Amino acid sequence: MPHLSDDDLETWSALATVLEWLPAALDAQLQGDAGLTHFEYGVMFALADAEDRTLRMSTLAGYSNSSLSRLSRAVARLEAKGWVRRAPDPADGRYTLATLTATGVQKVDQAAPGHVDTVNRLVFEPLTRAQARQLRDISRRIMTAIRAEDGWRPASTSDR
């Protein structure tokens with residue numbers, strides 16, 4: 001039976017644990033502080049970062065590595081709270097646009113400080129700057145091994 005070397009098993013077990021523990025920690029913080037899941041916050045953040053705070057649902061599903069049905073359910077919850085609205089794409093009615101509302105922008109702005117603090121505490125503070133750059137490079141290599149297309153990348157902070 002194939003197996004990992006002891007060294008690779010140690011590395012894999014550490015990464016697998018992070019993959020399990022980090023989403024739960026991010027969800028707990030965002031639920032407690034803002035009443036959002038990490039997935040919902042990610043959807044709203046991507047919309048906040050987009051031109052006119054609007055993206056096609058299919059693009060947003062790609063960014064969030066989500067099925068359209070899962071994304072649609074999440075957006076419906078956000079829509080019910082007045083944070084997102086959906087409308088047919090005037091350029092092509094086969095598509096639906098999701099737009100972050102002004103109230104949604106306020107919600108993202110309210111949720112961001114606690115989320116940033118949590119990400120800093122859990123991910124960046126334990127690392128040196130060099131290790132953080134290595135983590136970015138390693139993560140991008142793994143992303144490319146999983147899927148050839150590029151994932152969502154935020155606009156440069158100098159653009160905001």
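In case you missed it, the structure is sitting above this.
Attention in this report is confined to the structure presented alongside it.

A word on the nonpolar core
At step 1: In this structure, Leu36, Val43, Met44, Leu47, Leu60, Leu71 and Val84 are the most contacted members of the largest nonpolar core, which totals 24 residues.
At step 2: Only helix H1 (6-34), helix H2 (38-49), helix H3 (57-63), helix H4 (68-80), strand E3 (96-100) and helix H5 (102-124) provide two or more residues apiece to this core.
At step 3: No other element matches H2, which puts six residues into this core.
At step 4: What Leu47 contacts, discounting residues up to four positions off in sequence, is Arg53, Thr54, Leu55, Leu60, Val84, Ala98, Thr99 and Leu100.

Points about the sheet that holds strand E1 (residues 54-56)
At step 1: Sheet architecture is open: three strands sit in the order E1-E3-E2, paired in antiparallel fashion. At either end of the open sheet lies a strand with only one pairing partner, and these are E1 and strand E2 (84-88). If you compare each strand with its neighbour and ignore which way they point, the axes differ by 25 degrees on average.
At step 2: Where E1 and E3 come together, three bridges link them in antiparallel fashion.

Examining the side chain of Gln29
At step 1: With respect to the secondary-structure elements, Gln29 resides in helix H1.
At step 2: Excluding anything up to four places from it in sequence, Gln29 contacts Gly114, His115 and Thr118.

Brief notes about the pattern of salt bridges
At step 1: Applying the stated criterion across every chain yields a total of five salt bridges.
At step 2: With its nearest N and O atoms 2.7 Å apart, the salt bridge here joins Arg77 to Glu40. With Arg77 in helix H4 and Glu40 in helix H2, the pair connects residues that are 37 residues apart, well separated along the chain.
At step 3: When its relative accessible area of 41% is taken as the criterion, Arg77 is described as partly exposed.
At step 4: Classification of Glu40 by relative accessible area gives buried; the value is 5%.
At step 5: Salt-bridge contacts for Asp137 lead to Arg136; the nearest nitrogen and oxygen are separated by 3.8 Å.
At step 6: A residue is classified by how much of its surface remains accessible, and Asp137, at 41% relative accessible area, is partly exposed.

Regarding the packing of H1 against H5
At step 1: Relative orientation of the contacting elements H1 and H5 amounts to 145 degrees, with a least axis distance of 10 Å. H1 and H5 meet at a crossing whose hand is right-handed. Within the contact between the two elements, H1 uses Leu22, Ala25, Leu26, Gln29, Leu30, Asp33 and Ala34 and H5 uses Lys107, Gln110, Ala111, Gly114, His115, Thr118, Val119, Leu122 and Val123.
At step 2: The residue makeup of the contact of H1 with H5, split by class, is nine nonpolar, five polar and two charged.

Quick look at the packing of aromatic side chains
At step 1: Throughout the structure, instances matching the rule amount to one aromatic pair.
At step 2: Relative to Phe45, the ring of Tyr41 lies with its centre 6.0 Å away and its plane at 35 degrees, an arrangement referred to as tilted. Within this pair, Tyr41 and its partner Phe45 are both found in helix H2, separated by four residues, close to a single helical turn.
At step 3: Given a relative accessible area of 5%, Tyr41 falls into the buried group.
At step 4: The cationic tip of Arg56 hangs over the ring face of Tyr95; the distance from NZ or CZ to the ring centre is 3.8 Å.

Digging into unusual backbone geometry
At step 1: Not every positive phi belongs to a glycine, and Asp52 is a case in point at roughly 60 degrees.
At step 2: Assessed through its relative accessible area of 62%, Asp52 is described here as exposed.
At step 3: Of note, the phi angle at Asn65 is positive, near 50 degrees, even though the residue is not glycine.
At step 4: Under the relative-accessibility criterion, Asn65 is labelled exposed at 55%.

Quick notes on the rules
- Residues numbered from 1 in each chain as written.
- Predicted model: local features only at pLDDT ≥ 70, side-chain atom pairs only at ≥ 80, totals over all residues.
- Heavy atoms only, no water.
- Core = buried A, V, L, I, M, F, W, Y, C linked by side-chain atoms within 4.5 Å.
- Buried < 20%, exposed > 50% of the residue type's maximum accessible area, 1.4 Å probe, protein only.
- Helix = DSSP H or I, 4+ residues; strand = E, 2+ residues; numbered from the N terminus.
- Contact = heavy atoms within 4.5 Å.
- Pairing = 2+ DSSP bridges.
- Axes fitted to C-alpha atoms, helices over the stretch in contact; angles between N-to-C directions.
- Salt bridge = Lys/Arg side-chain N within 4 Å of Asp/Glu carboxyl O.
- Left-handed = near helix turned anticlockwise from the far one by under 90°.
- Nonpolar A, V, L, I, M, F, W, Y, C, P; charged D, E, K, R; others polar.
- Phe/Tyr/Trp six-rings, centres within 6.5 Å; stacked < 30°, edge-to-face > 60°.
- Lys NZ or Arg CZ within 6 Å of the ring centre and 35° of its normal.

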